[in-house]
Amino acid sequence: MENYAIEMLNITKRFPGIIANDNITLQLRKGEIHALLGENGAGKSTLMSVLFGLYQPEEGVIKKDGKVVKINDPNDANRLGIGMVHQHFKLVECFSVLDNIILGVEPNTAGFLQKKEAREKVVALSEKYGLQVDPDAVIEDITVGMQQRTEILKMLYRENEILIFDEPTAVLTPQEIEELMQIMKGLAKEGKSILFISHKLNEIMEVADRCTVLRKGKYIGTVEIAGTTKEELSRMMVGRDVEFVVPKDPAKPTDVVLDVQGITVASKSHKHKNAVNNVSFQVRKGEIVCIAGIDGNGQTELVYGISGLEPLKGGRIEFLGQDITKMPIRKRSTMGMSHIPEDRHKHGLVLDYTLENNIVLQRYFEPEFTNAAGFLRKDNIRKYAERLIDEYDVRSGQGPITPARAMSGGNQQKAIIAREIDKDPKLLIAVQPTRGLDVGAIEFIHKQIVKHRDAGNAVLLVSLELEEVMSLSDRILVMYEGEIVGELDPKKTTVEEMGLYMAGAKRQ
């Protein structure tokens, strides 16, 4: 009889129009890192949400240390020593790191908050696990990597034994991913049991002991990592062979589409510093220019400046030969600029709108979708949404009328990509376009971006995935501390050389 920390036996969970988990069994050994792999919408996050008490299953039981337990809500999960870092962090933006960590388990004496001991414990945990987080920093001012560390500290502070990481590396830089892998291995050595949801096969191969694969809500199998390959896992996950390298011809750039001239964007977190400092570059028709860099070096603010989400402090931007420096966002959009944003919840979707309404968000005022009297042509909107859902394989329980909030993160991402590429923009700004997507979807999106370039359009890619940068871009611009420190040719450079520019150890 094997000693399991957690057993989820024959779990079934249904939503309107979809069986998210169809009779799934998952067994987690004590002290192991167990990966959960599957396509977008395969039911991974749902299964973990059942374990964490966010959902109640229609069938099946959960056992902890061999005993059947009932988990009605996350408080029950915490009492059983189960903690979870969610794909979309559950943090209060205007609170400090420390306040977020102790939220719900505030230490108090006679009703008075005792932050001193809590702070000491958080600092000690932070040092022990190499998490280097400033307890006084406000969440909205820190990078996503730091926010994730705050989530990990939340679990450690509560002394959870079972740690669930839902897509933990989707928002991290390569360096942060490496650090997280080390942290996870350290936690497992201490006897903590880890469930690790991911689509990234390299990470699973590096860090996991065993891997359970789900496909379309069903259990496919569990394998020992030592005895499998990346190709075998991707076949189990997608049901077919996947191309890991983007097939593309050399670029044939022509006219300048985007001309950025000495732009400066203020920093939100540092009053006296600029996030982007005097940056100039051009993007031409028929090429993919990639901005690479470690997260937090001004890439986000650069894109905000170009897309109109933030005002410029200095410099000018020309798009198709026109000065758009002070132009409103809608005008930039109707001129032919598309933007796949970094944060799909903040800038990509209206979560309480249906999928079809999100798909026409930037075009609803066009004659195709609104009649002369100003009323929406709902049939046209539905037909258009159905076409994109079909073309981009956006999976959802109720098709076009599904609320965006009810979809998996990867399918939300596919919906945004479908909307932005289908506008056939002259300039596509794609920030982390494949964040949170599985290998099959990544392969498809990469082909769409290359096809868009080959049709004579310009693409500005911002990515933290070094493999994506190397295989997709025609030119690489490396950003460090708000400046462009190098221009590299992906055919003539290495990941290591790019890493030196990204770390500021080298500049041109």
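The following paragraphs examine the structure supplied in this document. (Residues numbered from 1 in each chain as written. Predicted model: local features only at pLDDT ≥ 70, side-chain atom pairs only at ≥ 80, totals over all residues. Heavy atoms only, no water.)

**A few points about the sheet that holds strand 16 (residues 314-319)**
In any sheet, the strands associate via hydrogen bonds between backbone groups, in a parallel or an antiparallel arrangement.
Then step 1. Taken together, the 4 strands give an open sheet; going across it, the order is 14-13-16-17, and neighbouring strands pair in antiparallel fashion. Every interior strand has two partners, whereas the edge strands, strand 14 (274-284) and strand 17 (322-323), have only one.
Then step 2. Pairing analysis gives 7 bridges linking strand 13 (residues 256-266) to strand 14, with the strands arranged antiparallel. Bridge pairing links Ile263 to Val279 in strand 14. (Pairing = 2+ DSSP bridges. Helix = DSSP H or I, 4+ residues; strand = E, 2+ residues; numbered from the N terminus.)

**Let's talk about the sheet that holds strand 18 (residues 337-340)**
Then step 1. The strand order across the open sheet built from 6 strands is 18-19-20-15-21-22, with neighbouring strands paired in mixed fashion. Whereas interior strands pair on both sides, the edge strands pair on one side only; in this sheet they are strand 18 and strand 22 (483-488). Strand-to-strand twist across the sheet, computed as the mean angle between neighbouring axes with direction ignored, equals 20°.
Then step 2. Both strand 19 (residues 427-431) and strand 20 (residues 458-462) contribute to a ladder of 5 bridges, which runs parallel. (Axes fitted to C-alpha atoms, helices over the stretch in contact; angles between N-to-C directions.)

**Regarding the side chain of Glu203**
Then step 1. Position of Glu203 relative to the elements: it lies in helix 7 (residues 201-207).
Then step 2. Look past the residues within four positions of Glu203 in its chain and what remains in contact with it is Thr169, Ile177, Met181, Phe196, Ser198 and Ala208. (Contact = heavy atoms within 4.5 Å.)

**Observations concerning the layout of surface pockets**
Then step 1. In this model, the second largest pocket occupies a volume close to 910 Å³.
Then step 2. Looking at the second largest pocket, it is lined by 38 residues, and the ones nearest its centre are Lys200, Asn202, Glu465, Glu467 and Glu468.
Then step 3. Looking at the lining of the second largest pocket, the elements that each hand over two or more residues are helix 6 (174-189), helix 7, helix 15 (439-454) and helix 16 (466-472).
Then step 4. Counted by class, the lining of the second largest pocket contains 16 nonpolar, 9 polar and 13 charged residues. (1 Å grid on protein atoms, 1.4 Å probe; cavity = no way out; pocket = protein on both sides within 12 Å on 5 of 7 lines; lining within 4 Å. Points joined across faces, edges and corners; volume = space filled by probe spheres on them. Nonpolar A, V, L, I, M, F, W, Y, C, P; charged D, E, K, R; others polar.)

**Things to note about the pairing of strand 19**
Then step 1. Judged by how many residues are buried, strand 19 sits mostly within the fold: 5 of 5 residues are covered.
Then step 2. Residues Leu427, Ile429 and Val431 of strand 19 are buried on one face, and the alternating residues Leu428 and Ala430, pointing to the opposite face, are buried as well.
Then step 3. Two elements, strand 18 and strand 19, share 4 bridges in a ladder whose sense is parallel. In the sheet register, Ser338 faces strand 19, and the bridge partner there is Leu428.
Then step 4. Each parallel crossover has a hand, and for strand 19 linked through helix 15 to strand 20 it is right-handed. (Buried < 20%, exposed > 50% of the residue type's maximum accessible area, 1.4 Å probe, protein only. Right-handed = clockwise from strand over helix to strand, strands pointing away.)

**Regarding a negative patch on the surface**
Then step 1. A cluster of acidic residues, Glu93, Glu140, Asp141 and Asp343, forms a negative patch at the surface.
Then step 2. Within the secondary structure, Glu93 is located in the loop between strand 6 (82-85) and helix 3 (97-102).
Then step 3. Using a relative accessible area of 34% as the deciding quantity, one classes Glu93 as partly exposed. (Patch = residues over 30% accessible without salt bridge, like charges linked within 9 Å, V, L, I, M, F, W, Y side chains within 5 Å. Areas by Shrake-Rupley, 256 points an atom, 1.4 Å probe, with all protein chains shown as cover. Salt bridge = Lys/Arg side-chain N within 4 Å of Asp/Glu carboxyl O. Lys, Arg positive; Asp, Glu negative; His and termini not counted. Charge placed at Lys NZ, Arg CZ, Asp CG, Glu CD.)

**A short note on helix 5 (residues 144-157)**
Then step 1. Between its first and last C-alpha atoms helix 5 spans 20 Å; for 14 residues at 1.5 Å apiece the expected length is 20 Å, and the two agree.
Then step 2. Taken across its 14 residues, helix 5 has 12 buried, putting it largely inside the fold.
Then step 3. Remark: Glu159 follows helix 5 within two positions and exhibits a positive phi of approximately 55°. (Expected span 1.5 Å × (residues − 1).)

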